[in-house]
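# Chain and residue survey
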Amino acid sequence: MPTTPLTPSPRIQIRGQNPFASLLGARRVDILLLMVAVVWGSSYLAAKTLTGTVGVTVILSLGFLITTLALSLIWLVWNRRRPGRRETVVGVVLGFTQAAVLILETQGIAGTSATNAGLIISLVIVFTPVTESVAFHVPLPRMVFIAGIVAVVGVCLLVSGDGFAAPTVGDLLVLAAAAVRSIHVTAVSALTRGHSYSALTLTLIQSTVCAVAYTLADYRGVIQAVQSFNAGEWAGVLYLGLACSVFAFLVQTWAIQQTSASRASLLMGTEPIWAVLIGISIGRETLMPLGIVGAALIITGTYLGLRSETRHRETTTPGRCAQ
């Protein structure tokens, strides 16, 4: 993977270059991270569309089979370092937790709107600092908890529609996925801390575990889908497998090396905003007035929580240099 900036050297820039092109070059990292957020935000509508034709495990199976194949080719070209026994075990464990997250999330998407799913899953930004605080006995600033309350109130308004009502099963499944994902992220931190594991290798192992688990869960459905999918359905699966997984993984891994983790988190944290915009504009979904207020509160809560946790981490990490 490239470890140097992709922006051209000022010494070799063409005379009279378009200022807009220069701006794009200077902000290439930010643009790529925003593209990751857009891709992730669009994944809810893509998954929602596919759940109308085949089962959830079939979608996940085909998506991860494609992801695993692509990552295997990349691993053969760029890495080829065989993982040790402990690294393999860690990858397998994280693969199962990741599989649990995605089955809950995708099953939830099938029972709610893509807009709701994209907003509710963003609560993982608020949940994760709490699970890390419990696991590592690290105190959190008060603002993180305030942000969590704001975001949860937003979820209550979001699922209320045009009046206060109980959330759907799909909403609850996506909420459960956010909680389990926060545990997964905390597990990643706990199991990899202090070890020089390859991010590519760990991701490949996790992807393989997910592909095998989902395929075994409904191998007949997978075979039938392979035989019957039309071009549009294959395009959706390829988009989930390549754009939402492989592209996003490679870009964020490279981009974080070029900028600060805080900046990367804030840019990728715009995912729920894109989920709303894509769900409404392309998916023709609607938000009632209370839902709009709820969406605003969720985005505000997750942003405040992320900013507060990031600042707290920067001030409490020993030996950290100013960005």
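In this text, all values refer to a predicted model and were calculated from it rather than measured experimentally.

### A word on the overall build of the protein
The number of helices and strands found in the protein is 14 helices and zero strands. The buried share of the protein, taken over its 323 residues, is 44%. Expressed as a percentage of contacts within the protein between residues at least 6 apart in sequence, the contacts between residues at least 24 apart total 90%. Carbon and sulfur atoms make up 67% of the accessible area of the protein, which amounts to about 16600 Å² in all.

### Quick notes on the packing of aromatic side chains
Each aromatic ring pair is specified by the distance between its two centres and by the angle formed by the two planes. All told, the structure shown has two aromatic pairs when counted by the stated rule. Pairing Phe64 with Tyr214 gives two aromatic rings, centres 5.9 Å apart and planes at 40 degrees, and the pair type is tilted. Placement of the pair is Phe64 in helix 3 (residues 56-78) and Tyr214 in helix 9 (residues 199-217), with a sequence separation of 150 residues. With a relative accessible area of 5%, Tyr214 lands in the buried category. With 5.5 Å between their ring centres and 75 degrees between their planes, Phe229 and Trp234 make a pair best called edge-to-face. The ring centre of Phe136 lies 4.2 Å from the NZ or CZ of Arg193, which sits over that ring.

### What about the packing of helix 4 (residues 85-110) against helix 8 (residues 169-192)?
Running from N to C, helix 4 and helix 8 point in directions that differ by 165 degrees, and their axes come no closer than 7 Å. When the axes of helix 4 and helix 8 are compared, the pair comes out roughly antiparallel. Judged by the twist between their axes, the crossing of helix 4 over helix 8 is left-handed. Of the residues that constitute the contact of helix 4 with helix 8, the class distribution is 16 nonpolar, seven polar and three charged.

### Side note on the nonpolar core
Tyr44, Leu119, Ile120, Ile121, Val155 and Leu158 are the most contacted members of the largest nonpolar core, which has 24 residues in total. Secondary-structure elements contributing two or more residues to this core are helix 2 (28-51), helix 5 (114-121), helix 7 (142-158), helix 8, helix 13 (271-281) and helix 14 (289-316). Take this core: its biggest share by element is five residues, from helix 5. Once you skip the residues sitting within four places of it in the chain, Val155 turns out to touch Ile120, Leu123 and Ile298. Of all hydrophobic cores here, the second largest spans 15 residues; its members include Leu50, Ile59, Ile66 and Phe229.

### Focus: helix 8
With 24 residues, helix 8 extends 34 Å between its outermost C-alpha atoms, agreeing within 8% with the 34 Å of an ideal straight helix rising 1.5 Å per residue. Burial in helix 8 covers these residues: Gly170, Asp171, Val174, Ala177, Ala178, Ser182, His184, Thr186, Ala187 and Thr192. Following helix 8 by one or two positions, Gly194 adopts a phi angle in the positive range, close to 80 degrees.

### A look at the environment of Val54
Considering the arrangement of structural elements, one finds Val54 in the loop between helix 2 and helix 3. The class for Val54 is buried, based on a relative accessible area of 18%. Distance from Val54 to Gly221, taken between C-alpha atoms, is 8.0 Å for residues 167 residues apart in sequence. Not counting residues within four places of it along the chain, the set of residues in contact with Val54 comprises Ile59, Ala225 and Phe229.

### Some words on the confidence of the model for the protein
Any segment with low pLDDT has predicted coordinates that should not be analysed in fine detail. Residue-level pLDDT values for the protein average 82, and 85% of them are 70 or greater. Looking across the protein, the model is least confident in helix 1 (residues 19-26), with a mean pLDDT of 46, and most confident in helix 4, with 95. Per-residue pLDDT stays below 50 along residues 1-24; that stretch engages in 21 contacts with residues further than four places along the chain or on separate chains. In this model residues 317-323 is a low-confidence stretch, pLDDT under 50, and it forms three contacts with partners more than four residues away in sequence or in other chains.

Quick notes on the rules
- Residues numbered from 1 in each chain as written.
- Predicted model: local features only at pLDDT ≥ 70, side-chain atom pairs only at ≥ 80, totals over all residues.
- Heavy atoms only, no water.
- Helix = DSSP H or I, 4+ residues; strand = E, 2+ residues; numbered from the N terminus.
- Buried < 20%, exposed > 50% of the residue type's maximum accessible area, 1.4 Å probe, protein only.
- Contact = heavy atoms within 4.5 Å.
- Areas by Shrake-Rupley, 256 points an atom, 1.4 Å probe, with all protein chains shown as cover.
- Phe/Tyr/Trp six-rings, centres within 6.5 Å; stacked < 30°, edge-to-face > 60°.
- Lys NZ or Arg CZ within 6 Å of the ring centre and 35° of its normal.
- Axes fitted to C-alpha atoms, helices over the stretch in contact; angles between N-to-C directions.
- Parallel < 35°, antiparallel > 145°, perpendicular 65-115°, else oblique.
- Left-handed = near helix turned anticlockwise from the far one by under 90°.
- Nonpolar A, V, L, I, M, F, W, Y, C, P; charged D, E, K, R; others polar.
- Core = buried A, V, L, I, M, F, W, Y, C linked by side-chain atoms within 4.5 Å.
- Expected span 1.5 Å × (residues − 1).
- pLDDT = per-residue confidence, 0-100.

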